[in-house]
Structures are given as structure tokens and as C-alpha cells.
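Remarks on the overall topology
Given next are the chains, with one letter for each unit.
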Amino acid sequence: MTQAATSPRFKENARAALADGELQKSLKILETNFIGRRKQVADKLPEFDALRDAARDIKNHTLAHLDLYLEEYERRVTAQGGHVHYAVTAADARSIILDICRAAEAKLVTKGKSMIAEEVGLDDFLAVHSITPVETDLGEYIIQIRHEMPSHIIAPALHLSKAQVAADFRRVHKELPPNRNLEEPETLLAEARAVLREKFLAADVGITGANFLVAETGSSIIVTNEGNGDLTQTLPKVHIVLTSIEKLVPTLEDVAEFLRVLARSATGQEMSVYTTLSTGPQRPRDPDGPREYHVVLLDNGRSAMLGGQFRDMLRCIRCGACMNHCPVYQAIGGHAYGWVYPGPMGAVLTPSLIGIDKAGNLPNASTFCGRCEEVCPVRIPLPKLMRFWREREFERHLSPATVRAGLSFWAFFARRPWLYGFATDLAARVLALMSGARGRFRWLPLARGWTDRRDFPAPQGATFQAQWRRRH
Amino acid sequence: MAGLRVGLFVTCLIDFFRPSVGFAAVKLLEDAGCVVEVPHQACCGQPAFNSGDRADARAIAEQVIAAFESFDYIVVPSGSCAGMLRAHYPELFRGDPNWQPRADAFAAKCFELISFLVDVMGVTATNAKFAGTVTYHDSCSGLRELGVKAQPRRLLATVADLSLTEMQDADVCCGFGGTFCVKYPEISNAIVAKKVANARATGAGTLLAGDLGCLMNMAGKLARDGGGIKVRHVAEVLAGMTDEPAIAAPREQREAAS
């Protein structure tokens with residue numbers, strides 16, 4: 001584990017999120033923008049569902065032969081003068097990157113958006129070692145100056161309003177006139193751009209993530225909308241791609257399939273603004289580019305997932321559609337989940353990375369409505385995988401004792417229909433009598449989880465089965 | 001298709017809270033020409049299955065399969081429980097040489113009530129009458145595991161004097177989620193608050209759905225927030241059996257009549 005996870009305090013986090021008016025206003029964008037736009041572009045493409053099948057199949061094929069594709073990819077990168085580093089753990093990834101930065105005598109590092117960098121906690125680590133990391137994606141920059149984790153995997157600052165960002169800019173950009181206009185998104189963007197421009201030019205090392213790694217060509221690909229990734233990876237003399245092993249796909253042709261579903265699922269765009277391939281360091285006749293090109297391939301538990309129940313999760317292409325469509329995420333936002341990956345994909349991935357003992361709430365805090373699976377571009381059966389985590393939790397006796405006791409009491413009856421029928425008929429009659437003419441309860445012992453906010457409908461009287469058997 | 005033997009899996013919620021839905025299901029099935037039987041039964045095991053308690057889920061499933069596998073069809077007035085029987089029982093027995101074939105054969109005969117009437121029995125109309133405007137909530141499991149969406153609307157369109165006004169996000173979860181609603185009550189409340197606001201915005205007098213869990217959640221929230229909309233299982237309206245007070249509604253009417 002790297003970043004301190006607040007996942008064990010999920011319930012408290014969620015309660016605070018529900019009471020946070022600013023956050024609740026910001027979360028509305030999920031319903032007003034993301035969902036409608038995705039639907040619009042998906043509906044316009046008759047082959048969208050067929051493309052999702054193809055994307056799923058390509059990932060399944062690649063994962064089944066991951067060892068071969070990794071070797072092929074490494075061969076290509078090396079042949080082009082790049083270096084591939086395997087990082088088994090998050091700590092390995094951090095120290096590999098520190099070594100590269102030290103060898104380059106780096107003081108300033110620019111960073112493109114990378115969830116893997118969040119996963120390994122890179123920024124804090126570099127800062128501790130006297131290397132200044134500067135996030136160049138606008139959303140990442142905003143959360144960096146606020147010392148926060150991203151609340152969404154593609155829109156890291158989704159939880160914030162314009163006014164909150166303007167206040168942060170005034171706090172941090174002290175050299176600028178204090179009474180400047182920061183009302184419009186454009187003025188915020190222009191200010192960030194001006195501040196970041198100097199950093200791009202001064203950076204010694206640029207670190208990006210990768211959306212895809214292509215075995216056939218040894219290329220890494222980033223899909224962005226701001227162009228910051230391009231400046232991050234081409235201007236400094238050293239480019240480090242920090243990514244993970246499941247990003248591999250066999251060919252460029254395959255990438256084309258993914259590009260058609262990725263932006264549509266993520267932002268509702270047909271294509272992102274920039275799709276940038278980088279293939280090795282600057283060659284003799286190239287006009288620009290980094291002199292060194294490093295790829296740090298993080299495992300961090302992924303090989304173990306490959307051989308187990310959670311393999312399907314390795315297909316994830318980090319589009320964020322599952323969280324956009326999740327009623328729970330829509331209600332509480334990303335920070336409540338307490339670690340790097342929120343929403344349904346986080347509910348499956350986070351326990352793999354930080355342990356089900358810490359992240360147990362995440363796969364439980366789902367209604368299993370199935371909307372995440374319905375929109376997933378690579379058809380990950382997210383509810384089923386969350387249920388697998390609940391099974392692990394149950395097997396390891398991590399679920400609360402009261403829940404286990406209640407469940408086994410109930411199961412004792414549910415396994416004995418005759419006894420069950422007798423007991424429930426009695427209980428239904430008693431409750432019906434107790435509720436009198438009201439037909440519902442405003443309060444019931446042991447049911448406050450329900451009755452604090454909802455009335456509890458009373459039974460009508462005798463059970464269906466009791467009535468049926470009297471008549472038949 | 002007449003004379004088909006149908007085992008009614010009434011679901012533990014309907015059995016306990018709202019037997020009138022069970023009798024509405026029986027009427028709809030008999031009107032469609034089925035012979036309905038009700039074997040001794042308890043629950044489908046979903047609470048155990050979704051709590052990670054696979055052993056209890058399996059034990060319950062074995063007993064349900066044994067009680068129902070002799071019927072031509074097993075019909076369930078709930079998308080969630082029908083989804084459990086149809087989609088998840090086979091998962092519980094995967095790889096078991098004795099039970100998997102039984103679970104698969106059983107699952108193939110299990111249907112949610114309304115989709116069974118339309119898709120299997122070919123029912124195209126009801127002879128029910130319901131004076132009023134209704135709105136219909138698509139419960140998640142029925143919608144996404146079983147494709148129940150057009151069937152209830154198709155039959156509702158044939159109910160005399162009924163008009164259907166769609167709510168915004170009819171296909172979005174109501175926040176019930178089985179044990180979710182009591183494990184994470186604040187989150188569940190936020191979700192159901194949105195749902196009932198969408199239902200209220202339609203101006204409809206009655207909110208319908210095909211799952212009693214969702215219905216109790218929405219009815220409970222509506223009642224706490226001042227009522228105004230009646231909540232019923234769609235089968236009650238389709239069967240023309242709406243004399244019972246709506247879910248969570250006061251019983252004055254019935255007592256006055258008795």
C-alpha cells in the first residue's frame with residue numbers, strides 16, 4: 001500500500017459526502033453531461049456493441065498470452081533504444097523512477113495524467129527525495145495543489161466547483177495580481193496554461209502514463225484532451241512511461257478498435273483530441289524528442305489476478321463509464337471510496353491492491369443494479385466480481401458478526417420451508433396487528449437502518465402460503 | 001399452451017408482506033390458461049448469495065430446485081428473484097456433475113411473471129380496468145438480467161382507462177439493493193430520494209414496478225415524505241385486483257368496509 005487509504009472509514013466518508021452541498025452540486029455533472037453524451041455517441045454507432053465484444057475478445061486473448069506479448073513488447077522497445085523496467089511492487093516502481101531521475105540529475109519533473117502514478121504514490125515520494133513533480137493535466141494539477149487524490153479516474157477534480165478552483169489558484173499563484181478575473185473556465189485554463197508552460201520548458205524528466213502498449217511496434221499510447229501529455233513526453237530529455245502490464249495489446253490495428261469505444265464510453269466524444277504514440281527515444285534524424293525513453297511496467301498484484309477469479313478486471317481500460325453510471329458513486333463521489341480507484345471498478349480493483357480487510361466496504365456498497373456492467377466497453381461483469389469479494393470476506397470471517405449471525409438465523413428457517421411457513425405466518429399476523437390501521441411503521445426495533453428515513457410497510461395479515469393452503 | 005403446470009415461486013417478500021400480489025399472479029396465470037400450484041417454499045437464497053454466503057445459498061437452491069423441477073414452468077412475480085433462479089442458480093452449481101445439469105434445466109424453465117405472460121404464453125391484452133395515471137419503475141434485475149422492459153408496458157397499455165406517464169430515469173436503481181438498503185441507509189436514502197422525486201414529477205397517482213423490494217423502498221420513502229402517490233405491484237393492476245390498500249397505505253378503507 002502506498003497512499004494512506006481511508007477505505008476502512010467508507011461509511012463515515014459517505015456520510016460526509018452526502019452532507020457536502022458543494023460536492024453534491026458538482027456531482028450533478030455525471031447525470032447532466034457524461035451519461036447523456038455517452039448514450040448519444042453510442043446510439044449513433046450501430047456497431048458499438050459489436051466493437052465492445054471485439055474489445056473484450058482482444059483483451060482476453062492478450063491476457064491469455066501476456067507473457068509472450070510482454071516479451072515481444074520489451075524486444076521492440078529495446079531494439080528502438082528504449083529501456084523496459086519491471087516493477088513487481090509499488091515500491092519497486094518508485095525506486096526505479098527515482099534512480100532514473102537521479103541519473104538525469106533531475107530537479108523538476110513534469111507529469112502527464114497517470115493513475116498508476118497515483119497507485120504507487122509517486123508525487124509524494126519524489127517530493128520527499130527533493131525532486132519537484134508538477135502535474136500538467138489541469139484536473140491533476142488542481143488536486144495536486146490541494147493535496148488530494150483524484151475523485152474520478154478520468155476527471156480527477158470532478159468534485160470541485162469553478163469557485164473552489166479559483167480560490168485555490170489565488171492561494172497558490174501568489175505572484176499574479178490578486179484581483180484578476182477567474183470567473184470563467186477559460187480564464188482558469190489560461191492561468192494554468194501560463195504557469196505550466198514554464199514548467200514544461202524547465203523540466204528535466206517527463207513522466208506519462210499509457211492507455212495502451214503495442215507489442216507489435218513497442219509503442220506506448222496516450223489518449224488525452226489537453227495536449228499536456230505531448231509536451232510532457234517530448235520536451236524533457238528523459239521520458240518515463242509509468243504503466244502496468246495489462247495495458248498491452250497485440251497490434252496497432254487492435255488499438256483502433258479500442259479507440260472507437262474508449263472516448264465514447266469515457267467522455268462521450270467520438271475520439272479524444274489527442275492520440276499520441278511514442279516509440280523509443282529521439283532518433284538521429286528526428287527534430288525533437290527525449291534522449292532517453294524508459295518504460296516502467298508495474299505488476300503490483302496483477303499477475304496474481306491473472307490466475308484467479310478477478311482476471312476479467314484486467315480488461316479494464318479506465319474509461320470511467322462504470323462510475324459515471326453508478327447510483328452509489330453519483331450519490332457520494334469518488335473520495336468516499338478512500339483510495340485511488342473509486343466506483344464499481346475501484347470496488348473490484350482496490351481490494352486486490354490494498355486488501356479486502358481494508359477495502360471490505362467497497363464491494364459491499366453496491367445495489368448490484370448492474371448498470372456498470374451494462375455500459376462497460378470491455379464487458380467486465382463488475383457485480384459478479386464484487387460478489388466474489390463478498391464471498392472472500394465471508395470465508396475469512398471479515399463480515400460483521402451481527403450480519404453473520406442474522407444470516408445464519410435466517411438461513412436456518414429458509415432451509416426448512418415448513419418451519420419457515422409457520423414462523424412467518426405468525427410473525428406477519430403479529431406485525432399486521434401491531435401496525436393497526438396505519439399500514440406501516442414509523443419505527444421498528446432492529447430496523448432503524450430502514451425506519452430512520454423510510455416508513456416500513458406492514459404485512460397485510462396471514463402469509464400468502466397460509467391463505468393458499470386454507471383454500472386448496 | 002393451455003393446461004401447463006406452473007409452479008408459483010411467490011417470493012418471500014410477497015408471501016410475507018403482500019399476499020394480494022401472489023393472488024394477482026395466480027389470476028393472471030390462470031387467465032392465461034395455466035394450472036397453478038404452490039409448493040412449500042421459503043426464499044430463493046439471494047440474501048445469502050449476495051452476502052457471500054455461498055454454502056447457505058446453495059443449500060437453499062438445492063431445496064428450491066427439488067421442490068419445483070417437476071413443473072413445466074416456474075414463474076416468479078419478481079425480476080430479482082427470477083434472476084436468482086434463472087441466472088445465478090447455474091453459477092452456484094457450475095462444475096458439479098450431479099447438480100449442474102439439474103440447475104441448468106431448472107433455470108431454463110424459470111421466468112419473471114410479466115415476461116412469462118407475454119413472451120411464453122403470448123398474452124397480448126388484459127381485461128383489467130384502472131382509472132388513473134401510472135408511472136412504471138424498471139427494477140434493475142428484471143431489466144438487466146432478464147430483459148423485462150417492453151412486456152409490462154405492453155400489457156399496461158391494454159388496461160382500460162389507464163394512462164402511463166414515463167418518469168425520468170425509469171431504468172435507474174431505486175436504492176433498495178437487498179441488504180444494501182440497511183447496510184448503507186444514508187446512501188440508499190439519497191438514491192431513493194431521487195427516484196421518488198422523478199416519480200412525483202410525472203404527476204402520476206400511482207407508481208408501479210415488478211419487484212416488491214423496490215416497491216417497499218419507494219413506498220416507504222414516499223410515505224415518510226408525505227405520501228401522495230400510491231404504490232402497487234404491476235401484477236395487481238394487470239389482474240384488476242386493486243381493492244387492497246396500496247403498499248404502506250392506511251387500512252381505513254378496508255376496515256370501514258368490514
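Residues numbered from 1 in each chain as written. Chains lettered and ligands numbered in written order. Predicted model: local features only at pLDDT ≥ 70, side-chain atom pairs only at ≥ 80, totals over all residues.

**Some thoughts on the overall build of chain B**
When its secondary structure is counted, chain B shows 14 helices and eight strands. When each of the 258 residues of chain B is scored for burial, the buried share is 60%. Here the contacts in chain B between residues at least 6 apart in sequence split such that 76% fall between residues at least 24 apart. (Helix = DSSP H or I, 4+ residues; strand = E, 2+ residues; numbered from the N terminus. Buried ≥ 20, exposed ≤ 12 C-beta atoms within 10 Å, placed from the backbone. Contact = placed C-beta atoms within 7 Å.)

**Some remarks on the overall build of chain A**
Tallying secondary structure elements over chain A gives 24 helices and twelve strands in all. Considering chain A as a whole, with its 472 residues, one finds that 50% of them fall into the buried category. Contacts in chain A between residues far apart in sequence, at least 24 positions, make up 74% of those at least 6 positions apart.

**Section: the domain arrangement of chain B**
Residue and element names in this part refer to chain B. Looking at chain B, the domain boundaries give domain 1 (5–119) and domain 2 (124–257). Here the C-alpha centre of domain 2 lies 22 Å away from the C-alpha centre of domain 1. Domain 1 puts 30 residues into the contact, and the matching count from domain 2 is 27 residues. Of all the secondary structure elements, the ones that give two or more residues to the side of domain 1 that touches domain 2 are helix 1 (12–17), helix 2 (19–31), helix 3 (46–50), helix 5 (79–92) and helix 7 (113–120). Counting residues per element, the side of domain 1 that touches domain 2 draws most heavily on helix 2, at seven residues. Class assignment for the residues of the side of domain 1 that touches domain 2 results in 15 nonpolar, ten polar and five charged. (Domains from an automatic or database assignment. Nonpolar A, V, L, I, M, F, W, Y, C, P; charged D, E, K, R; others polar.)

**Let's talk about the sheet that holds strand 2 (residues 35–37) of chain B**
Residues and elements named next belong to chain B. In space, the four strands of this open sheet follow the order 2-1-3-4, with parallel pairing throughout. Edge positions in the sheet fall to strand 2 and strand 4 (110–112), since each of these pairs with one other strand and no more. When strand polarity is set aside, the average angle formed by the axes of neighbouring strands in this sheet is 35°. Alignment of strand 1 (residues 5–8) against strand 3 (residues 73–76), held across three bridges, turns out to be parallel. Looking at the pairing, Val6 lines up with Tyr73 of strand 3. (Pairing = 2+ DSSP bridges. Axes fitted to C-alpha atoms, helices over the stretch in contact; angles between N-to-C directions.)

**A closer look at the interface of chain B and chain A**
On the side of chain A, 53 residues touch chain B, which itself brings 61 residues to the contact. Here the side of chain B that touches chain A takes seven residues from helix 12 (residues 212–224) of chain B, the largest share from any one element. Residue composition of the side of chain B that touches chain A, grouped by class: 32 nonpolar, 14 polar and 15 charged.

**Considering the packing of helix 5 of chain B against helix 6 (residues 99–108) of chain B**
All names here are of chain B. Between helix 5 and helix 6, whose axes approach to 8 Å, the crossing angle comes to 175°. The angle between the axes of helix 5 and helix 6 places the two elements in the roughly antiparallel class. Together, Leu85, Arg86, Tyr89, Pro90 and Leu92 of helix 5 and Ala103, Asp104, Phe106 and Ala107 of helix 6 make up the contact between the two elements. Along the lines of polarity and charge, the residues of the contact of helix 5 with helix 6 split into seven nonpolar, no polar and two charged. (Parallel < 35°, antiparallel > 145°, perpendicular 65-115°, else oblique.)

**Quick word on helix 8 (residues 138–146) of chain A**
Residue and element names in this part refer to chain A. Listing the buried residues of helix 8 in full gives Leu138, Gly139, Glu140, Tyr141, Ile142 and Ile143. Packed against the buried residues of helix 8 are strand 3 (132–135), helix 9 (162–172) and helix 10 (185–202). Positioned one or two residues after helix 8, His147 has a phi angle of 55°, which is positive.

**Re the sheet that holds strand 6 (residues 160–164) of chain B**
All names here are of chain B. One open sheet accounts for four strands, arranged 6-5-7-8; its pairing is parallel. Both outer strands of the open sheet, strand 6 and strand 8 (230–233), are each paired with one neighbouring strand and no more. Sheet twist, expressed as the average angle between the axes of neighbouring strands with direction ignored, equals 35°. The strands that helix 12 touches are strand 7 (206–209) and strand 8; relative to strand 8, the one it contacts most, it runs at about 175°.

**Examining the domain arrangement of chain A**
Split into domains, chain A comes out as domain 1 (7–122 + 204–303) and domain 2 (411–471). Each of domain 1 of chain A and domain 2 of chain A has a C-alpha centre, and the two are 53 Å apart.

**Things to note about unusual backbone geometry**
In the Ramachandran plot, Glu105 of chain A falls in the positive-phi region, its phi being about 50° despite a non-glycine side chain. Using a count of 8 C-beta atoms within 10 Å as the deciding quantity, one classes Glu105 of chain A as exposed. Although it is not a glycine, Ala248 of chain B adopts a positive phi angle of roughly 70°. Here Ala248 of chain B is to be found in the loop between helix 13 (234–238) and helix 14 (252–257). Since 28 C-beta atoms lie within 10 Å of it, Ala248 of chain B is described here as buried.

**Section: helix 12 of chain B**
All names here are of chain B. The first and last C-alpha atoms of helix 12 sit 18 Å apart over 13 residues, in line with the 18 Å expected at 1.5 Å per residue. By the criterion of burial, helix 12 is predominantly enclosed, with 13 of the 13 residues buried. Directly after helix 12, the chain includes Gly226, whose backbone phi takes a positive value near 105°. (Expected span 1.5 Å × (residues − 1).)

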